[in-house]
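# Coordinate analysis (summary)
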Amino acid sequence: QVHLVESGGGLVQAGGSLRLSCAATGRTFSTYAVGWFRQAPGKERDFVAATNWSGRSTYYADSMKGRFTISRDNAKNTVYLQMNSLKPEDTAVYYCAAGGHPLRDSIGAYNYWGQGTQVTVSS
């Protein structure tokens, strides 16, 4: 079992950067694949990025590629989402999630979810 808590969200101007963190409990955290999702106002929850157990392999939504980077530090039981060149369209609640199979982009592939952290990008 894994408990996830996101942090690092906030208000940033367009073109700025934020680094989101997802702190996890559980000694077996390193065996879980992790994904980031976001939900903008009035929209469904969308896939952002995913990584495998080691963090060696990554997968990004097309609109995130080149701007966002997912990484993990298993020694700290933490997953990160580095967000650069932020746009107003990136405004959303961002969620981290953990599951048993890597590099999935569907919500149903993940078993555990954090509470979300708000990211607001001003124009």
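To keep things clear, this report deals only with the structure shown in the data block. Per chain, residues are indexed from 1 in the order of the written sequence. Local features in a predicted model are, by the rule used here, given only for residues with pLDDT of at least 70; side-chain atom pairs are given and counted only at 80 or more, and totals for whole chains, interfaces and linings are based on all residues. Here the side-chain values reflect all heavy atoms present in the structure, with hydrogen atoms and water set aside.

With respect to the helices and strands, the residue arginine 67 is situated in the loop between β6 (58-60) and β7 (68-73). For the exposure calls, accessible area comes from a 1.4 Å probe over protein chains only, and a residue counts as buried if that area is under 20% of its type's maximum, exposed if over 50%, partly exposed in between. Assessed through its relative accessible area of 11%, arginine 67 is described here as buried. Any N or O atom pair separated by 3.5 Å or less is treated as a polar contact, with the protein-specific requirement of one donor-capable and one acceptor-capable atom, and with residues adjacent in sequence counted only for side-chain atom pairs. A distance of 3.1 Å separates the side chain of arginine 67 from the backbone oxygen of serine 63, its partner in a polar contact. Aside from chain neighbours lying at most four places away, what touches arginine 67 is Gln82, Met83, Asn84, Ser85, Leu86, Lys87 and Asp90. Comment: elements are numbered from the N terminus, with helices defined as DSSP H or I runs of at least four residues and strands as E runs of at least two. Here, residues are in contact when the closest pair of their heavy atoms is within 4.5 Å.

Structurally, the position occupied by arginine 38 is in strand β4 (residues 33-39). Its relative accessible area of 13% is what places arginine 38 among the buried residues. For arginine 38, the side chain forms a polar contact with the side chain of aspartate 90, separated by 2.8 Å.

Glancing now at the sheet that holds strand β3 (residues 18-25). Read across the sheet, 4 strands follow the order β1-β3-β8-β7 without closing on themselves; strand pairing throughout is antiparallel. Single-partner strands in this sheet number two, and they are β1 (3-7) and β7. Ignoring strand direction, the axes of neighbouring strands in this sheet form an average angle of 15°. In this structure, β7 lies alongside strand β8 (residues 78-83), joined through 6 bridges in antiparallel fashion. Opposite serine 71, over in β8, you have tyrosine 80 as the bridge partner. We treat two strands as partners when DSSP finds at least two bridges between them. Note on method: axes are straight lines fitted to C-alpha atoms, helices fitted across the in-contact stretch only, with angles between N-to-C directions ranging 0 to 180 degrees.

Shape descriptors only; they carry no functional weight alone.
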